[in-house]
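# Descriptive analysis of the structure
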Amino acid sequence: MVSINIQNLEKHYGKVKALHGLNLEIDDGEFIVLVGPSGCGKSTLLRCVAGLNPISGGDILFDGTPVGHLPPQERDLSMVFQNYALYPHLTVAQNLAFGLKVRKTSAEEIEKRVKWAADILAITPYLDRRPRALSGGQRQRVAMGRAMVKHSNAFLFDEPLSNLDAQLRVQMRKEIRALQQRIGVTSIYVTHDQVEAMTMGDRIVVMKDGRIEQVGSPAELYTAPRTRFVAGFIGSPQMSFVTAQADGHQMTLSDGSVLTCATAAQGPVTLGIRPEHFLDNSSEANRLTLDVTNQQVVGTSTSYFATLGDGEIEVIRQGSDTERPATLALGIRPEHIMVFGKDDHRIAA
Amino acid sequence: MTASVQDTRTDRLIRFGFLAAMLIFFALPIVYLFSTSFKTPDDVLQGRLLPEAATLKNYPNAFAHVPVLRMIWNSVAVALLSGVITLVIAVPATYATIKLGAFRRTVPNITLASYAAPPIIALIPLFYLLQTAQLMDSIPGLALVHGLMNLPVAFWLLKSFVSDIPAEIDEAAWIDGAGYWHTLFAVILPLIFPGILATALICIILSYNEFLFASALTFSEASRTITVGMSLFQGERLVNFGQMAAASFTGMVPIYLIAFLFQKHLVGGLTQGSIK
């Protein structure tokens, strides 16, 4: 296992810049998740680390040794692909052993490691089967096993759960995380699903347009996003945004209502409020009466959509409320209102 | 219900009629060739489908006039050797072009352009090249020419098979530590084996049937192929059609046998990429 240091990494496709001088330090044994919308460069970054995409500038260091110029064969990594990429003509056991055979590992050692991985992943009964005779979840486990047996420098995951159904995805999410903690291998995991990112990563790297927006623990990104993009991307349901005119701690919305914030600002700003931060308690500093425009019951909770100022906001409350109320009387604490400036950066309290 | 049954019957009749017409269209020349091989010269001139007085003499006479069996053997040897040459070059070339991106834009266009050019323009340069390499009038020489001549066909056939393998399969092998050659032999070759077989068959058939280069680059009995042998039945004033048909029919047997035995792979190779 190694620490991975990404220094001023650039990737160009002709005139198009896919990665703009990225810097990132990943500790030995850390599970880091790259998250962002499609086209943000997260897979490109992963493939650069793997050596599958040649880099255009900067470097990648494993334990301080530059590897940016090395082909994938010489980086000693394991990778789990979105479509598993198992060798269709080989059995499960042969798939697991392939990388070890390439490295000329002894037959005894190969057998030992294949058995070890198969036992952990509960795929021993399928060792003689070909990949086409396996279900999606089983294939996923074989792909994991192929990564495990090599005892490589790091694991790279490229959206490995996106082809699984929702239930299996939740299960595999737990299994991958538990396995990574058990082996203690440095891991980079790419996903566009922020729930996956929040539940799996030691740290999350939020990317946008080939740049890193913010790096932090899941809790840090949720409670202290640095930009409006991160605030909107992290958290489910998504944060609601309304524009306002700031005068110190007083924020005047377009409909004339005034909210008090913990943050002081001047001029035009955007206010961000998480749906789960609205309170029933009307004794809070900010009291609001919202006109409900829509409502969705999601089992244990209900989402209400209402207009506030010039925007539509979402409010989430516990319980299944089948009858739609015309209005909702709610409160919001000043410290739960995030204020973003014209450059979409958060204005600190 | 009755109407639909009748429709089905009508459909079947139409289908049967169409297939019968197609069968007659394609089989008639072969039947006519077979029939001609038993005709006397007078019968041939009459132009009837069936001989009036069948004779078996055309076969021994043809074999006595021209060394048919030797030429068939030469054809088979040239075709097999040229198939090997084509595949040895085409498989790595296709992999390098399609998967590794080597000359990805130029190679497909160049191969297509070279195949579209009339083969006769290559004849004189090839003549001198073979003479310099001391491969003129030899089976390896002709096999080399056929092997190179069939490269564009092989490249375009293999291209669809190689393209169909997801890039992640190669990448997984590279991540596993396999070099490009190792990936080609251990991962790609087994996956495109049906394509290689189909391509080999098509190249072998093309080489077996080739006449232009074979007639210009071989002179002796030791290297002449059966297609050249056919032309030897044509005298200055007289063509011995009966013997020619007997030799042609004998010459067809090996290639039809190969095509018959491997027809499943042939069809697979020719229809690859046409449906998803």
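In the block above lies the structure referred to throughout.
Quick notes on the rules
Residues numbered from 1 in each chain as written. Chains lettered and ligands numbered in written order. Predicted model: local features only at pLDDT ≥ 70, side-chain atom pairs only at ≥ 80, totals over all residues. Axes fitted to C-alpha atoms, helices over the stretch in contact; angles between N-to-C directions. Helix = DSSP H or I, 4+ residues; strand = E, 2+ residues; numbered from the N terminus. Parallel < 35°, antiparallel > 145°, perpendicular 65-115°, else oblique. Left-handed = near helix turned anticlockwise from the far one by under 90°. Contact = placed C-beta atoms within 7 Å. Nonpolar A, V, L, I, M, F, W, Y, C, P; charged D, E, K, R; others polar. Buried ≥ 20, exposed ≤ 12 C-beta atoms within 10 Å, placed from the backbone. Pairing = 2+ DSSP bridges. Right-handed = clockwise from strand over helix to strand, strands pointing away.

### Overview of the packing of helix H4 (residues 68–98) of chain B against helix H11 (residues 193–209) of chain B
The angle between the axes and the distance between the axes are what describe a pair of packed helices. Residue and element names in this part refer to chain B. Where H4 meets H11, the closest approach of the two axes is 8 Å, and the angle between their N-to-C directions is 135 degrees. On the basis of their axis angle, the class for H4 and H11 is oblique. Crossing angle aside, the handedness with which H4 passes H11 is right-handed. Contacts between H4 and H11 pair Ser-75, Val-78, Ala-79, Leu-80, Ser-82, Gly-83, Thr-86, Leu-87 and Val-91 from the former with Ile-196, Thr-199, Ala-200, Cys-203, Ile-204, Ser-207 and Tyr-208 from the latter.

### Examining the interface of chain A and chain B
For interface size, the figure often reported is the accessible area lost on association. Contacts between chain A and chain B engage 17 residues on the former and 15 residues on the latter. Elements represented by at least two residues in the side of chain A that touches chain B include exactly strand S6 (78–80) and helix H2 (92–102) of chain A. A total of three residues in the side of chain A that touches chain B trace back to one element, the largest contributor, which is H2 of chain A. Split by residue class, the side of chain A that touches chain B holds eleven nonpolar, five polar and one charged.

### Points about the pairing of strand S7 (residues 154–158) of chain A
All names here are of chain A. In terms of burial, S7 is a largely internal element, five of the five residues being buried. A two-sided burial pattern is seen for S7, the buried positions comprising Ala-154, Leu-156 and Asp-158 on one face and Phe-155 and Phe-157 on the other. Note: S6 against S7, three bridges, orientation parallel. Of the residues in S7, the one forming a bridge with Met-79 is Leu-156. Taken together, the five bridges between S7 and strand S8 (residues 186–191) define a ladder with parallel strand orientation. Counted as the bridge partner of Ala-154 is Thr-186 from S8. Running through helix H5 (residues 166–183), the crossover from S7 to the neighbouring parallel element S8 is right-handed.

### Considerations on unusual backbone geometry
Residues and elements named next belong to chain A. The residue after Ser-236, namely Pro-237, is reached through a cis peptide bond having omega 0 degrees. In the Ramachandran plot, Asp-63 falls in the positive-phi region, its phi being about 50 degrees despite a non-glycine side chain. By the secondary structure assignment, Asp-63 is in the loop between strand S4 (57–62) and strand S5 (65–66). Residue classification places Asp-63 among the partly exposed positions, given that 13 C-beta atoms sit within 10 Å. The phi dihedral of His-151 falls on the positive side, at around 50 degrees, and the residue is not glycine. Among the secondary structure elements, His-151 is positioned in the loop between helix H4 (136–149) and S7.

### Thoughts on the packing of H2 of chain A against H4 of chain A
Residues and elements named next belong to chain A. It is the contact of H2 with H4, at a shortest axis distance of 8 Å, that shows an interaxial angle of 30 degrees. In terms of orientation, H2 and H4 fall into the roughly parallel class. Every pair of crossing elements has a handedness; the one defined by H2 and H4 is right-handed. In this structure, H2 contributes Val-92, Asn-95, Leu-96, Gly-99 and Leu-100 to the contact, and H4 contributes Val-142, Gly-145, Arg-146 and Val-149.

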